[in-house]
Amino acid sequence: MSFDRKIKIAPSILSADFANFGQEIQAIEAQGADWVHVDVMDGHFVPNLTFGPPAVKAFRPHVKTVMDVHLMISPVDPYIDAYAEAGADVLTAHIEAGPHIHRTLQAIRGTGMKAGVALNPGTPAEAVSHLLDLTDLICVMTVNPGFGGQKFIDMTAKIRRLREMIGDRPIHIEIDGGVDPTTAPLVAQAGADVLVAGSAVFRGGSVANPDVYGDNIRQIREAAEGVWA
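Small disclaimer: the values here were computed from a predicted structure and weren't measured.

Attention shifts here to the overall build of the protein chain. Each helix and strand in the protein chain was counted, giving 8 helices and 8 strands. With 229 residues in all, the protein chain has 54% of them scored as buried.

Attention now goes to the environment of Glu29. Mapped onto the elements of the fold, Glu29 is located in helix 1 (residues 21-30). The buried category is assigned to Glu29, whose relative accessible area is 15%. As a C-alpha pair, Glu29 and Leu91 span 62 residues in sequence and 20 Å in three-dimensional space. Ignoring sequence-local partners within four residues, the contact set of Glu29 consists of Val36, His62, Val63, Lys64 and Thr65.

Turning our attention to the sheet that holds strand 3 (residues 66-72). As summarised here, the arrangement of the 8 strands in space is 1-8-7-6-5-4-3-2, forming an open sheet in which the pairing is parallel. The two strands at the open ends of the sheet, each matched to only one other strand, are strand 1 (8-11) and strand 2 (35-41). Neighbour to neighbour, the strand axes of the sheet diverge by 25° on average, direction disregarded.

Attention shifts here to the pairing of strand 4 (residues 90-94). Most of strand 4 is tucked away, with 5 of its 5 residues classed as buried. Residues Val90, Thr92 and His94 line one face of strand 4 and the alternating positions Leu91 and Ala93 line the opposite face, and both faces are buried. Looking at chain direction, strand 3 and strand 4 are connected through 4 bridges and run parallel. Looking at strand 4, one finds that Asp68 is bridged to Val90. Handedness of the crossover joining strand 3 and strand 4 through helix 3 (residues 80-86) is recorded here as right-handed. With 5 bridges joining them, strand 4 and strand 5 (residues 114-119) adopt parallel strand pairing. Note on strand 5: the bridge partner recorded for Val90 is Lys114.

For the rest of this paragraph, the subject is helix 5 (residues 156-166). When helix 5 is considered as a whole, its buried residues turn out to be Thr156, Lys158, Ile159, Leu162, Arg163, Met165 and Ile166. On its buried face, helix 5 sits against strand 5, strand 6 (137-141), strand 7 (172-176) and helix 6 (184-190). Backbone geometry just downstream of helix 5 places Gly167 in the positive-phi region, at approximately 60°.

Below, the discussion takes up the nonpolar core. Ile13, Val69, Val128, Ile138 and Leu195 are the most contacted members of the largest nonpolar core, which totals 72 residues. Once residues lying within four places of it in the same chain are set aside, the contact partners of Val128 are Ile95, Val117, Leu119, Ile138, Leu162 and Met165. Within the second largest apolar cluster, 11 residues are counted, among which are Val90, Leu137, Cys139 and Met141.

Here we come to the pattern of salt bridges. Pairs can form between side chains of opposite charge once their charged atoms are near each other. Summed over all chains, the structure comprises 9 salt bridges. Between Arg221 and Asp34 there is a salt bridge whose closest N-O contact spans 2.8 Å. Remark: Asp34 occurs in the loop between helix 1 and strand 2 and Arg221 occurs in helix 8 (residues 211-225); sequence separation between them is 187 residues. Classification of Asp34 as partly exposed rests on a relative accessible area of 25%. Of the charged contacts, one joins Arg161 and Glu126 as a salt bridge, the two residues approaching to 2.8 Å between their closest N and O atoms.

When helix 4 (residues 101-110) is considered as a whole, its buried residues turn out to be Ile101, Thr104, Leu105 and Ile108. Across the axial projection of helix 4, the buried residues extend over an arc of 95°, all falling on one side. Turning to helix 4, the residues buried within the fold contact helix 3, strand 4 and strand 5. With its phi angle positive at about 100°, Gly112 sits one or two positions after the end of helix 4.

The element strand 6 is extensively covered by neighbouring structure, given that 5 of its 5 residues are classed as buried. Neither face of strand 6 is open: one carries Leu137, Cys139 and Met141, the other Ile138 and Val140, and all of them are buried. Pairing between strand 5 and strand 6: 4 bridges, direction parallel. Following the sheet pairing, Gly116 is matched in strand 6 by Leu137. Pairing of strand 6 with strand 7, which is carried by 5 bridges, proceeds in the parallel orientation. If you follow Ile138 over to strand 7, its bridge partner there is Ile173.

Cut-offs and rules
Residues numbered from 1 in each chain as written. Predicted model: local features only at pLDDT ≥ 70, side-chain atom pairs only at ≥ 80, totals over all residues. Heavy atoms only, no water. Helix = DSSP H or I, 4+ residues; strand = E, 2+ residues; numbered from the N terminus. Buried < 20%, exposed > 50% of the residue type's maximum accessible area, 1.4 Å probe, protein only. Contact = heavy atoms within 4.5 Å. Pairing = 2+ DSSP bridges. Axes fitted to C-alpha atoms, helices over the stretch in contact; angles between N-to-C directions. Right-handed = clockwise from strand over helix to strand, strands pointing away. Core = buried A, V, L, I, M, F, W, Y, C linked by side-chain atoms within 4.5 Å. Salt bridge = Lys/Arg side-chain N within 4 Å of Asp/Glu carboxyl O. Arc of directions from axis to C-beta.

Below, the structure written as structure tokens:
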């Protein structure tokens, strides 16, 4: 996957129809999704259970863009190879999930995947200042992780600080939580380029009525890109 700072919309399939994941993935990509975001939760690091490596492997044949796998689990290291084998393109671990984040990022990159590091709302930007040369993506949580559909927490000051710290390094800033046409311009103007959206993309649509997904994606993209016009 090549690097650029164009706005990318990454629908979270946590908000998709669980009985139709393959068709849902195909529908959002056909309707303009740039990446497909997969939220992995373990019921330990966060209070919810979602997808393991077999599910991600099952998703992979349907994903033609970028499969962006966000691990909200602890520990991370024992599962890195499994998610690589399942086909993740980007694997993101939380800095709060373990004591050896350097080792984790090195291990992710060692498999050939892109390495992401996620920050909970209470974790400052400076926590990743020593990780920038090991990182391909920084995920700024704008909700406390664990559930979809939560209210956006304003992290624009943190995003601006990260953009300053990154400089000209090829690192994406991803936003996860409460992204919709109202909040997308705020984070894009601060410096984010990958916007994860779950309910804001899937709300009102279905595999039988996918045009709604396209309308939702376009509204988010246009709102975010409008700050650069």
